Every structure is written in C-alpha cells, then in structure tokens.
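Reading the structure
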Amino acid sequence: MTVEFFSDCEQAVSIISDNASIMVGGFVSAGSPSNLIMALHNAGPSKLTVMANNVGLGDKLDMLCANKQVAKVIATFAIRASGGRKSHFEEQYHKGEVELELVPQGSFAERIRAGGSGIGGFLTPTGIGTMVSQNKEIINVDGNDFLLERPLQADYALIKAYKADKNGNLIYRGASKNFNEVMATAAKCVIVEVEEIVEVGAFEPSNVDTPGIFVDRIVQCDPIEIRWS
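Reference entry: report on the structure contained in this document.

About the criteria used
- Residues numbered from 1 in each chain as written.
- Predicted model: local features only at pLDDT ≥ 70, side-chain atom pairs only at ≥ 80, totals over all residues.
- Heavy atoms only, no water.
- Helix = DSSP H or I, 4+ residues; strand = E, 2+ residues; numbered from the N terminus.
- Buried < 20%, exposed > 50% of the residue type's maximum accessible area, 1.4 Å probe, protein only.
- Contact = heavy atoms within 4.5 Å.
- Salt bridge = Lys/Arg side-chain N within 4 Å of Asp/Glu carboxyl O.
- 1 Å grid on protein atoms, 1.4 Å probe; cavity = no way out; pocket = protein on both sides within 12 Å on 5 of 7 lines; lining within 4 Å.
- Points joined across faces, edges and corners; volume = space filled by probe spheres on them.
- Nonpolar A, V, L, I, M, F, W, Y, C, P; charged D, E, K, R; others polar.

1. Notes on the side chain of Ser 87
Its place among the elements puts Ser 87 in the loop between strand S4 (70-77) and helix H4 (88-94). By relative accessible area, Ser 87 is classed as buried at 0%. Residues contacting Ser 87, with those up to four places away along its chain left out, are Gly 56, Asp 62 and Arg 80.

In structure tokens:
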C-alpha cells in the first residue's frame, strides 16, 4: 500500500461521505487534527458517527455539530467545562437531534485498541451499576460481575502527528500522542495532518510511533491555534 500525499486538507478528506464513522484523535486541544476537522466541516458530509475523547471543549469538533453534520457521538466527555454557554452538541443533544454514547475514558481507549487488534471485546468492572451498563452484557467471573465491552472501529480516522516521513511513518510530540496512536490502528482509512514531512531515515526507526503501514493519506499544514471561549 502506498501512502498518498495531498497539498490541502480539502482534498485529503474528499473521500468521506454521508453516514461515515470517523475517529478523531486528540485530548481536548492536544493533538487535535483541527485542519482536517475544518476541512470536513467545509466539505459538508452529514449523518456522521464521530468517536472522540471530547466534543465542544477546546476542539473544533463542535463546528461539525454547528453545521448539523453529526448524527451520533461516542465520547468520554461531551460537555463544556465552563457553564457560560452550551456547545452546539449539547444544545442538539437536549433537543434529541443527536445521539450520545458516553464511555469511560479507559474503556474508550481499550475498545479502540481492541478494534485495532482484532479482539472481540474485553471484560471490565468499570460502569457496573451505572448508566454505562445499560443494554450491555454482564458476565460473572469467580463471583464478580464484569461488563462485556465491544471493540470500536471506524471507516476513517483523522489524526494529528508532528512529523511524517515519505513512507508514512509518524512521530508525535508530547501529549499529542494520546488517542491518535491507537486510533490509527482501528480505521479502514487513516488521514493524517502533520507539521512536517521529512525524508526516509530522518528519524530513527525506534522513534516511530505509528508505522506507515497504518497510514493512507497525509497532508502537511500549519497547526490551528485553539482559542477558548
């Protein structure tokens, strides 16, 4: 498989159509693929299922909700930290216009890892006796109840990396590794925005965070500054 390189984000996300499922990397603003999100906003596909750590909290994902492109969100944190105003997602959720599946953060990461590893699910005590356990299978092991959590996979993953080489190998910087690394393993098509593209051999193989075999499309662009409001 050959990695494709694009000159702008609009071209990179042009294959995403209505009803697609999309994983979006980042933790609040750290490692968020903001350029790709804005390009998806401009492209306008609708009825999307979005899987992300957060929405409407120091990220650009809420712009998709503002454009009414999102049908469902699977996330660990789906409200603004400030009570000053609700996000577009919150407003639509309370009106019944979008669906939310709330997942504990550790379970969210593990469900993605399971999806990328081809594992059929895993057992966890997290969420037992709470709304998280609704409509989920409970399995008793040695007298203890566990939830059976199913893997998460997606049609596309939008992720942010620091550098890519021309074989598509990626390295992240600091906290931006977060969900980007694991999401790159769990999607059929991985689209990456990077700050720099370098020659093969510019960084040591031992420093590669995501091997190029997982990467389909790369676009180089300057990071978007996130402004809190």
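Continuing now.
2. Here's the deal with the pattern of salt bridges
Across all of its chains, the model carries 14 salt bridges by this definition. Note that Arg 217 is salt-bridged to Glu 4, the shortest N-O span being 3.7 Å. Linking Arg 217 in strand S12 (residues 217-220) with Glu 4 in strand S1 (residues 4-6), this pair joins segments that are 213 residues apart in sequence. You can call Arg 217 buried: its relative accessible area is 9%. Where Glu 101 meets Lys 72, a salt bridge forms, and the shortest distance between an N and an O atom there is 3.4 Å. In this pair, Glu 101 sits in strand S5 (residues 99-102) while Lys 72 sits in strand S4, placing the two residues 29 residues apart along the sequence. The network of salt bridges with shared partners includes Lys 72, Glu 99, Glu 101, Arg 111, Lys 136 and Glu 149.

3. Points about the layout of surface pockets
By volume, the largest pocket is sized at about 470 Å³. Forming the walls of the largest pocket are 19 residues, and the residues nearest its centre are Leu 100, Glu 101, Leu 102, Met 131 and Val 132. Secondary-structure elements contributing two or more residues to the lining of the largest pocket are H4, S5 and strand S8 (144-149). With four residues, H4 is the single largest residue contributor to the lining of the largest pocket. Of the residues that constitute the lining of the largest pocket, the class distribution is nine nonpolar, three polar and seven charged.

None of this, on its own, says anything about what the molecule does.
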